[in-house]
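If you want the building blocks of each chain, they are given just below.
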Amino acid sequence: MDLLLIGPPGAGKGTQAARLRQALGIPHLSTGDLLRRHVAEGTRLGTSAAAHMRRGDLVPDELVTEMALDQIRERSCAAGVVLDGFPRTLTQAEALDTAMAGDGRRLAAVLHLTAPDETLLRRLTGRRTCGGCGNSYHLDTRKPRTPGQCDSCGHRLVQRGDDTTETARARLAVHTRQTQPLLARYRRAGVLHEIDGCGDVGDITRRLLAVLAPRATGSSTL
């Protein structure tokens, strides 16, 4: 069963993708992780992508698409995959549909995690990172024992530049602008499902699995 997980920054896509992977027994394909792996391993695609990144350019659609499609065709993804971060554009979506159709596959569901901007901003701006060991905290959900100080090494906690309110608002606006055409495409195709991304992590997972239940017999629950 092939799935696409879409959601704005702060919606919890990575957390839910990992839980879907466990519940359904299919891999989680994050294009961010895939891109970093190709660059680190110095593959043909990774070398090309790194050249664009050094110039401060976006990695072209065709490179991202080729990386993702190559991975989807791996034996580990034969039973299905949870896509996260791909496709991001209509061009990528069309390439994905064409490639999957050629292999006798199609997206079973597109799961759109939603939450009010106020909730997303609180999640994004509340994140803190240890400047020493890199441990992550959150002012609402994972507070350090001593405010502003890492529990593990005692270093000062800092807020990443992309987690400030101004930057977070800009990221949310870009996401909305980029994903509206994708959502409209999948809505027309009848595979889009809007999922409330607020509340307990386990409750959100159960909402996702409830949508997938008619398509995935025998999956476990979390």
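We now turn to the structure provided with this report. (Residues numbered from 1 in each chain as written. Predicted model: local features only at pLDDT ≥ 70, side-chain atom pairs only at ≥ 80, totals over all residues. Heavy atoms only, no water.)

Comments concerning the side chain of Asp2
As a reminder of what qualifies: Secondary structure is summarised from DSSP: a helix means a run of H or I of at least four residues, a strand means a run of E of at least two, and numbering begins at the N terminus for each. In what follows, residue pairs with any heavy atoms lying within 4.5 Å of each other are defined as contacts.
Here Asp2 lies in strand 1 (residues 2–6). Sequence-distant contacts of Asp2, defined by excluding residues within four places in its chain, comprise Gly80, Val81, Met100, Arg105, Arg106, Leu107, Ala108 and Ala109.

Let's talk about the pattern of salt bridges
When their charged atoms lie close together, side chains carrying opposite charge are able to pair. As a reminder of what qualifies: For this document, the term salt bridge refers to a Lys or Arg side-chain nitrogen within 4 Å of an Asp or Glu carboxyl oxygen. When accessible area is computed with a 1.4 Å probe and restricted to protein chains, residues below 20% of their type maximum are described as buried, those above 50% as exposed, and intermediate ones as partly exposed.
In total, this model carries 15 salt bridges according to the counting rule given. Between Arg36 and Asp33 there is a salt bridge, with its nearest N and O atoms 2.6 Å apart. With Arg36 and Asp33 both in helix 2 (residues 31–41) and three residues apart, the pair spans about one turn of that helix. Looking at Asp33, the relative accessible area reads 44%, which means it is partly exposed. Residues Asp151 and Arg145 are paired through a salt bridge, measuring 3.9 Å at the closest nitrogen-oxygen approach. The class for Arg145 is exposed, based on a relative accessible area of 67%. Through salt bridges with shared partners, a single network forms among Arg127, Arg160, Asp163 and Arg171.

Focus on the sheet that holds strand 7 (residues 157–158)
Heads up, the rule is: Strands are treated as partners if at least two bridges between them are detected by DSSP. For helices, the axis comes from a line fit to the C-alpha atoms of the stretch in contact; other axes are also lines fit to C-alpha atoms, and the angle between any two N-to-C directions lies between 0 and 180 degrees.
Sheet architecture is open: three strands sit in the order 6-5-7, paired in antiparallel fashion. Pairing within the sheet leaves two strands with one partner each, and these edge strands are strand 6 (136–138) and strand 7. Judged from the two bridges that link them, strand 5 (residues 127–130) and strand 7 form a sheet pairing that is antiparallel. Looking at the pairing, Thr129 lines up with Val158 of strand 7. Most of the contacts of helix 6 (residues 117–125) go to strand 5, to which it runs at about 10°, and overall it touches strand 5 and strand 6.

So, unusual backbone geometry
Here the residue pair Phe86 and Pro87 is connected by a cis peptide bond, since its omega of 0° sits within 30 degrees of zero. Considering the arrangement of structural elements, one finds Pro87 in the loop between strand 3 (81–84) and helix 5 (90–102).

Quick look at the sheet that holds strand 4 (residues 107–114)
With respect to topology, five strands assemble into an open sheet ordered 2-3-1-4-8, the strand pairing being parallel. Taken across any chain shown, the strands that pair with only one partner, and hence form the sheet edges, are strand 2 (28–30) and strand 8 (192–196). Strand after strand, the sheet turns through a mean of 25° between neighbouring axes, direction not considered.

Comments concerning the nonpolar core
Which entries qualify depends on this criterion: To form a nonpolar core, buried Ala, Val, Leu, Ile, Met, Phe, Trp, Tyr and Cys residues must be joined to one another through side-chain atoms within 4.5 Å.
Counting 29 residues, the largest nonpolar core has Leu4, Ile72, Leu83, Leu96, Leu107, Val110 and Tyr186 as the members making the most contacts within it. No other element matches the six residues that helix 4 (residues 61–72) contributes to this core. Apart from the residues lying within four places of it in its own chain, the contact partners of Tyr186 are Leu4, Pro87, Ala93, Leu107, Val110, Val191 and Leu192. With 25 residues, the next largest nonpolar core counts Leu20, Ile26, Leu124 and Ile204 among its residues.

Some remarks on the side chain of Asp163
Definition in use: By the criterion applied in these results, polar contacts are pairs of N or O atoms within 3.5 Å in which, for protein atoms, one can donate a hydrogen and the other can accept it, and in which residues neighboring in sequence qualify only through two side-chain atoms.
With respect to the helices and strands, Asp163 occurs in the loop between strand 7 and helix 7 (165–189). Taking the relative accessible area as the measure of exposure, Asp163 reaches 2% and is therefore buried. Within the local environment of Asp163, its side chain forms a polar contact with the side chain of Arg127, the two groups lying 2.9 Å apart. Those residues within four positions of Asp163 in sequence are excluded, and the remaining contacts are Leu124, Thr125, Arg127 and Arg171.

Some points on the packing of aromatic side chains
Formally: Ring pairs shown here join Phe, Tyr and Trp side chains whose ring centres sit within 6.5 Å, with only the six-membered ring taken for Trp; geometry is labelled stacked below 30 degrees between planes, edge-to-face above 60, and tilted in between. Either the NZ atom of lysine or the CZ atom of arginine qualifies as a charge over a ring when it sits within 6 Å of the ring centre and within 35 degrees of the ring normal.
Applying the stated rule across the entire model yields zero aromatic pairs. Seen from the ring of Tyr137, Arg142 lies directly overhead, with NZ or CZ sitting 4.8 Å from the centre.

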